[in-house]
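Below, each chain spelled out in residue letters.
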Amino acid sequence: MRVVIQENYDKMCEWAAAYIAGRINAHKESRPFVLGLPTGSSPLGVYSRLAKMNREGKVSFKNVVTFNMDEYLGLPREHEQSYWHFMWSNFFDHIDIPKENVNILNGMNPDPEKECADYEKKIASYGGIDLFMGGIGVDGHLAFNEPFTSLTSVTGVRALTTDTMIVNSRFFGNDPSQVPSKALSVGIKTVTDSKEVLILINGHNKARALAASVEGGVSQKWTCSALQLHPAAIIVCDEPACGELTVDTYKYFLDVEKKERL
């Protein structure tokens, strides 16, 4: 695992956007570059920087296919809090990606289990995901894979914990009862089967989750800990998120990255 520590959120987003653009630009195959994407507050800075790079001609998304991590069950895509709406408003409307290359789970499908199974099949039809960017919750959940979700899980229906509904209620008028209680989500295995995984962790409230991801044992309690088993996992974080790391761990990753730049 590689842990890239940046001074603040802005620098974290700048690093992540440059890394993703670099991977897209280095892709020389005729098949599309397949990119996994999250929603939430953490990736917003990355999306704005990638859109700016696209406008400046530094990266193109014309040969990129995307798969989003999750979507609320029973929420129409036109709803302002749907992840479909989030992605188009904050990213896809601002880049040159073909509309048909965007894949987002349909929370209104009357057969959600089939929707999830078809999603896995479609990912496989492209040869898998080249790079999956994601974020984690304060309890370490990756996508909507709450604590104690199987680390071998694939895309499926997930029940949301009360804590997650309370955290997400800030987008629903601070009323947890308005937050859908279930969602469609890629699984932990879906993410870790990707060739590369890039996880954003920012803020002091994510410090325990970062420590569990890096220093803790691999456990279903912290689904983010599955990253330890991935051969090409990168966590890029800001200084406030490092508050629970031991001093030796913190210094180790700073030293390794310093040598990477030499």
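Structural notes, computed from the coordinates.

Rules used in this analysis
Residues numbered from 1 in each chain as written. Predicted model: local features only at pLDDT ≥ 70, side-chain atom pairs only at ≥ 80, totals over all residues. Heavy atoms only, no water. Core = buried A, V, L, I, M, F, W, Y, C linked by side-chain atoms within 4.5 Å. Buried < 20%, exposed > 50% of the residue type's maximum accessible area, 1.4 Å probe, protein only. Helix = DSSP H or I, 4+ residues; strand = E, 2+ residues; numbered from the N terminus. Contact = heavy atoms within 4.5 Å. Phe/Tyr/Trp six-rings, centres within 6.5 Å; stacked < 30°, edge-to-face > 60°. Axes fitted to C-alpha atoms, helices over the stretch in contact; angles between N-to-C directions. Parallel < 35°, antiparallel > 145°, perpendicular 65-115°, else oblique. Left-handed = near helix turned anticlockwise from the far one by under 90°. Nonpolar A, V, L, I, M, F, W, Y, C, P; charged D, E, K, R; others polar. Pairing = 2+ DSSP bridges. Expected span 1.5 Å × (residues − 1).

1. Describing the nonpolar core
Reasoning step 1: By size, the foremost hydrophobic cluster in this structure holds 38 residues, and its most contacted members are Ile199, Ile201, Leu210, Ile235 and Cys237.
Reasoning step 2: Elements represented by at least two residues in this core include exactly β1 (2-6), β3 (64-68), α4 (112-125), α6 (188-192), β9 (196-201), α7 (207-214) and β10 (233-238).
Reasoning step 3: Here Ile201 is in contact with Met12, Ile136, Lys206, Leu210, Ser213, Ile235, Val236, Cys237, Asp238 and Ala241, once residues within four sequence places are set aside.
Reasoning step 4: With 36 residues, the next largest nonpolar core counts Leu35, Val46, Ile95 and Leu131 among its residues.

2. A closer look at the packing of aromatic side chains
Reasoning step 1: By the definition in use, this model includes 13 aromatic pairs.
Reasoning step 2: Ring centres of Tyr83 and Phe144 lie 6.2 Å apart, and the angle between their planes is 15°; this geometry places the pair in the stacked category. Here Tyr83, found in helix α3 (residues 83-90), pairs with Phe144, found in the loop between β6 (131-135) and β7 (156-159); they are 61 residues apart in sequence, far enough to count as distant.
Reasoning step 3: Both rings, one in Phe91 and one in Phe92, keep their centres 5.6 Å apart while their planes meet at 40°; by these two values the pair is tilted. Pair check on accessibility: Phe91 and Phe92 agree, each one buried.
Reasoning step 4: Here the aromatic residues Tyr47, Phe61, Trp84, Trp88, Phe91 and Phe92 are joined through ring pairs into a cluster of three or more.

3. What about the side chain of Glu196?
Reasoning step 1: Structurally, the position occupied by Glu196 is in strand β9.
Reasoning step 2: With residues up to four places along the chain from it excluded, the contact list for Glu196 reads Tyr19, Arg23, Asp130, Leu131, Phe132, His230, Ala232 and Ile234.

4. Some remarks on the packing of helix α1 (residues 9-26) against helix α2 (residues 44-55)
Reasoning step 1: For the pair α1 and α2, interaxial distance at closest approach is 8 Å and the crossing angle is 50°. The pairing of α1 with α2 is recorded here as oblique in orientation. The hand of the α1/α2 crossing is right-handed. Along the contact surface, α1 presents Tyr9, Asp10, Cys13, Glu14, Ala16, Ala17, Ile20 and Ala21, while α2 presents Leu44, Gly45, Val46, Arg49, Leu50 and Met53.
Reasoning step 2: When grouped by side-chain class, the residues that make up the contact of α1 with α2 number ten nonpolar, one polar and three charged.

5. Considerations on the sheet that holds β3
Reasoning step 1: With parallel pairing, seven strands are arranged side by side in an open sheet as β1-β10-β9-β6-β2-β3-β5. If you trace the sheet from one side to the other, it starts and ends with β1 and β5 (102-103), each paired once.
Reasoning step 2: Here strand β2 (residues 33-37) pairs with β6 via two bridges, running parallel. By the bridge assignment, Leu35 is partnered in β6 with Leu131.
Reasoning step 3: The strands touched by α7 within the sheet are β1, β9 and β10, with β10 carrying the most contacts at an inclination of about 155°.

6. Quick notes on α2
Reasoning step 1: Between its terminal C-alpha atoms α2 stretches 17 Å, which fits the 16 Å expected from twelve residues at 1.5 Å a residue.
Reasoning step 2: Every buried residue of α2 is listed here: Gly45, Val46, Tyr47, Leu50, Ala51, Met53 and Asn54.
Reasoning step 3: In this fold, the buried residues of α2 make contact with α1, β2, α3, β6 and β9.
Reasoning step 4: Phi turns positive one or two residues past the end of α2, at Gly57, with a value near 80°.

7. Section: the sheet that holds β7
Reasoning step 1: A sheet is described by the order of its strands in space; here three strands give the open sequence β4-β8-β7, paired in antiparallel fashion. The two strands at the open ends of the sheet, each matched to only one other strand, are β4 (70-72) and β7. Going from strand to strand, the sheet's axes swing by 30° on average, the running direction of each strand aside.
Reasoning step 2: Strand direction decides the pairing type here: β4 and strand β8 (residues 182-185), joined by three bridges, are antiparallel. By the bridge assignment for β8, Tyr72 is matched with Ala183.

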